[in-house]
Amino acid sequence: MTHWIIAPIILPAIMAPFIILAARYHLGIQRVFSVVGVLAIIAIAAGLAWQASDGTVILYQLGDWAAPFGIVIVGDRLSTLMVLLTSILALFVLLYAIGSDWDTRGRHFHALYQFQLMGIMGAFLTGDLFNLFVFFEVLLIASYGLMIHSGGDARLRAGVQYVLFNLIGSTLFLFALGAIYAETGTLNMADLAQRVQLIDETATVGIRVAAVLLLLVFAIKAAVVPLHFWLPSSYAEAPGPVAALFAIMTKVGAYAIIRVYTMIFPPDLAVTHGLQSHWLLWAALLSLLVGAFGVLAARKLDRLVAFSVIGSMGMVMVAISLFTPESIAAALYYIVHSTLAGAALFLIVDLVRTGRANLVLNAQAPVSGAALTAAVFFVAAIAMAGLPPLSGFIGKLMVLSAAYENANMAWVWAIILMSSLFIIVGFARAGSVVFWKAQSEQPAEDDAPLQMPTTLSYVAVAGLLSLLVVYTVFAGQAHRYMIATSAQLFSPEPYIETVVGTPGKLSEYDDEKEDH
Amino acid sequence: MEFLVASAIGLLTAAGIYLLLRLRTFPVILGISLLTYAVNVFLFASGRLQVGAPPILQDGVSTYTDPLPQALVLTAIVISFGMTAVVVMIALGAYLGSDDDHVDDPVDTSNTAKEEPK
């Protein structure tokens, strides 16, 4: 049993207290350790993804306790992919936070950042539902701190909404866990997958309630309409780099839905039949529409990007709710794309904020560094809106082709294509107002000259965008990998066999008694 | 006993949800506290209600109570306690900063004001 699989959780968990305790007053040391920590996680995550890429399920039993009794950390293709994506995103966002001096505008940015990473990595890697709850709380409590980093009234107010909404979500999660435990007597995902199959068809009330509650909790995380209300103001008010890191947080919800509803409650399970196709699909289509209308209606650039994130989550959820191997592969491709594109857009919004009086979408004097900022905004907006030639277009094509066989194909195609049009119009309008019309405005004389964003900020944004380009160029290879990942998800027997079948330490009461 | 526990959970949940739907932060935080109490009792009951049964393996005992929900409840209590403290601090900061403790978004007048013709 190798210990590397737990390193993405342990490493930030060690780094964060070290930064608080030893490097509290030394920003330089904090930055160095934070970046080195993230680089190390990238290396480890790449190794784990390589190891899992041939279909191996990496299992780590904490304390060597055997599966249903102890907590297990499991890495398959999907988990290691998400861990790798998170760590790469974390590097660029961290570089931006350093380059734009966001980490100096409040205390403990780097420590909270590391705790945030720990929670996200843990949520992706754990094989136990209660442990998933604990890691959700770790990532949430770090995100509360990051969200209100550097303070301000509007930010604190949005922070209260964000925290309250997530506390309600956590309570729902606990209700769901209690119901699942009462019905099955286990919370280990692989063990649950086996036991849910055995439930008598005449007594399914409890498990059905639990399945729906669990879906609600993950839908809150994934910001599926009508549970999306926390997202626009908290993402818009959060500091730029924090909002960019939060781009992965909605994907934690999507990941949890994929994991739980392929393994524990698969689509062909009689007990929860229809949950995905009847309910989730329509909610996802509604999210797409709400996101598109939000992009059109937004009066500020940060709200516009927040609504485009809701729209892209809607797209991911449409693909997920079709629940065929092909559509899950499309969803996974789109998840990686939308994480990178969403993060880049939030960083660009922060670039605009640096060089402009405010983010209201009206004609104002040109932002400082306008040419470069406009160029990166153009690229990121193309990616987010799903126009060719970038990966958003390819992802959208995959979702459309996966929906072709579906009974509701007409609705799915109509709403996806219509919302794409709205999002394109919204971004085009925003870009032309902020960057183009600005050329005809005179700068107000009484304003102090606004500073130009630093080079490192642009490097971070350009890094994310070039990753998108690479992801587009290698779309074929990426798509084949996503197909393999989705095939692994739809035949979970090796996963379950590895988790439940691997021997470990057991409590052997009778033997000990004989020894005495 | 089952009826008592079930109705207690139901009552706490109902009161918690009622308070959650209020407009100001203080009742909402109280509502969340009530909900977490309800969920703690619920989790505790998810291992079936047993009176006077030991949770640990012992000689000559055949009925046990399930120890796992108790461990889960302990975790849930600690987390909800910490989270409530955090939300109280943030809500207090927001209230002191803007002199307003509504949980909804304020009416945004800044956009229209700045769109006046130059």
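Parameters at a glance
Residues numbered from 1 in each chain as written. Chains lettered and ligands numbered in written order. Predicted model: local features only at pLDDT ≥ 70, side-chain atom pairs only at ≥ 80, totals over all residues. Helix = DSSP H or I, 4+ residues; strand = E, 2+ residues; numbered from the N terminus. Rg over C-alpha atoms; globule rule 2.2 N^0.38 Å. Buried ≥ 20, exposed ≤ 12 C-beta atoms within 10 Å, placed from the backbone. Contact = placed C-beta atoms within 7 Å. Pairing = 2+ DSSP bridges. Nonpolar A, V, L, I, M, F, W, Y, C, P; charged D, E, K, R; others polar. pLDDT = per-residue confidence, 0-100. Expected span 1.5 Å × (residues − 1). Axes fitted to C-alpha atoms, helices over the stretch in contact; angles between N-to-C directions. Parallel < 35°, antiparallel > 145°, perpendicular 65-115°, else oblique. Core = buried A, V, L, I, M, F, W, Y, C linked by C-beta atoms within 7 Å.

**Student:** Whenever I open this one, the overall build of chain A confuses me. Can you help?
**Tutor:** When helices and strands are tallied, chain A shows 21 helices and two strands. In summary, chain A has a C-alpha radius of gyration of 23 Å against a globular reference of 24 Å for 516 residues, a match within 12%. In terms of principal-axis extent, the alpha carbons of chain A reach across some 90 × 60 × 40 Å. Per-residue burial for chain A yields a buried fraction of 58% across its 516 residues. In chain A, of all internal contacts separated by at least 6 residues, the share reaching a separation of at least 24 is 80%.

**Student:** For this particular structure, what's the right way to read the overall build of chain B?
**Tutor:** Summing up its helical and strand segments, chain B has four helices and zero strands in all. Evaluated residue by residue, chain B yields a buried proportion of 26% over its 118 residues. Sequence separation of 24 or more characterises 53% of the internal contacts of chain B that already satisfy a separation of 6 or more.

**Student:** Just to check I follow, could you spell out the pairing of strand β2 (residues 72-75) of chain A for this structure?
**Tutor:** Side-chain positions along a regular strand alternate between the two faces of the sheet. All names here are of chain A. Side-chain alternation along β2 places Val 72 and Val 74 on one buried face and Ile 73 and Gly 75 on a second face that is also buried. In this structure, strand β1 (residues 58-61) lies alongside β2, joined through four bridges in antiparallel fashion. Bridged to Ile 58 within β2 is Gly 75.

**Student:** What's the story with the interface of chain A and chain B in this structure? I'm lost.
**Tutor:** When the parts of a complex come together, some accessible area is lost, and that lost area is often taken as the interface size. At the interface, 27 residues of chain A touch 30 residues of chain B. The set of elements that each furnish at least two residues to the side of chain A that touches chain B consists of α5 (129-147) and α6 (153-184) of chain A. Sorting elements by how many residues they give to the side of chain A that touches chain B places α6(A) first, with 16 residues. Within the side of chain A that touches chain B, the residues separate by chemical class into 17 nonpolar, six polar and four charged.

**Student:** Honestly, the confidence of the model for chain A in this entry has me stumped. Any pointers?
**Tutor:** In regions of low pLDDT, the predicted coordinates are not meant to be interpreted in detail. Scored by pLDDT, chain A has a mean of 89; 96% of the residues are at 70 or more. Counting contacts from residues 511-516 of chain A, a segment whose pLDDT is below 50, to residues more than four positions away or on other chains yields zero contacts.

**Student:** Mind showing me how you'd approach α6(A) here?
**Tutor:** Residue pairs three or four apart in sequence face the same way in an α-helix, which turns once every 3.6 residues. All names here are of chain A. With 32 residues, α6 extends 46 Å between its outermost C-alpha atoms, agreeing within 8% with the 46 Å of an ideal straight helix rising 1.5 Å per residue. The buried fraction of α6 is high, at 27 of 32 residues. Within two residues after α6, Gly 185 carries a phi angle of roughly 75 degrees, on the positive side.

**Student:** Would you explain unusual backbone geometry in this entry?
**Tutor:** Peptide bonds are trans in most cases, and residues, glycine excluded, mostly fall at negative phi. Residue and element names in this part refer to chain A. Following Val 225, the chain continues to Pro 226 via a peptide bond in cis, the omega torsion being 5 degrees. Cis geometry marks the peptide bond from Pro 388 to Pro 389; its omega dihedral reads 10 degrees. Looking at the element boundaries, Pro 389 is found in the loop between α15 (370-385) and α16 (391-403). A positive phi is found at Ala 223, a non-glycine position, where the angle reads about 55 degrees. Considering the arrangement of structural elements, one finds Ala 223 in the loop between α8 (205-221) and α9 (231-237). On the basis of neighbour count, Ala 223 is assigned to the buried category, with 26 C-beta atoms found within 10 Å. A positive phi angle is found at Phe 323, which is not glycine, with a value near 50 degrees. Inspection of the secondary structure puts Phe 323 in the loop between α13 (301-322) and α14 (325-354). For Phe 323, a count of 22 C-beta atoms within 10 Å corresponds to the buried category.

**Student:** What is the right way to read the packing of helix α2 (residues 25-45) of chain B against helix α3 (residues 68-98) of chain B from this model?
**Tutor:** Between two packed helices, the angle of one axis relative to the other and the distance separating the axes together describe the packing. Residue and element names in this part refer to chain B. Relative orientation of the contacting elements α2 and α3 amounts to 175 degrees, with a least axis distance of 9 Å. As judged from the angle between their axes, α2 and α3 are roughly antiparallel. Mapping the contact onto sequence places Thr 25, Ile 29, Ile 32, Ser 33, Thr 36, Val 39, Asn 40, Leu 43 and Phe 44 in α2 and Pro 69, Gln 70, Leu 72, Val 73, Ala 76, Ile 77, Ser 80, Thr 84, Val 87, Val 88, Ala 91 and Tyr 95 in α3.

**Student:** What's the story with the nonpolar core in this structure? I'm lost.
**Tutor:** Soluble globular proteins: nonpolar side chains tend toward being buried together. All names here are of chain A. Core analysis: the biggest nonpolar cluster contains 228 residues, and Val 318, Ala 319, Ala 344 and Ala 380 have the highest contact counts within it. Looking at which element gives the most residues to this core, the answer is α14, with 20 residues. Filtering out sequence-adjacent residues up to four positions away, Ala 380 remains in contact with Ala 341, Ala 344, Leu 345, Ile 348 and Leu 465.

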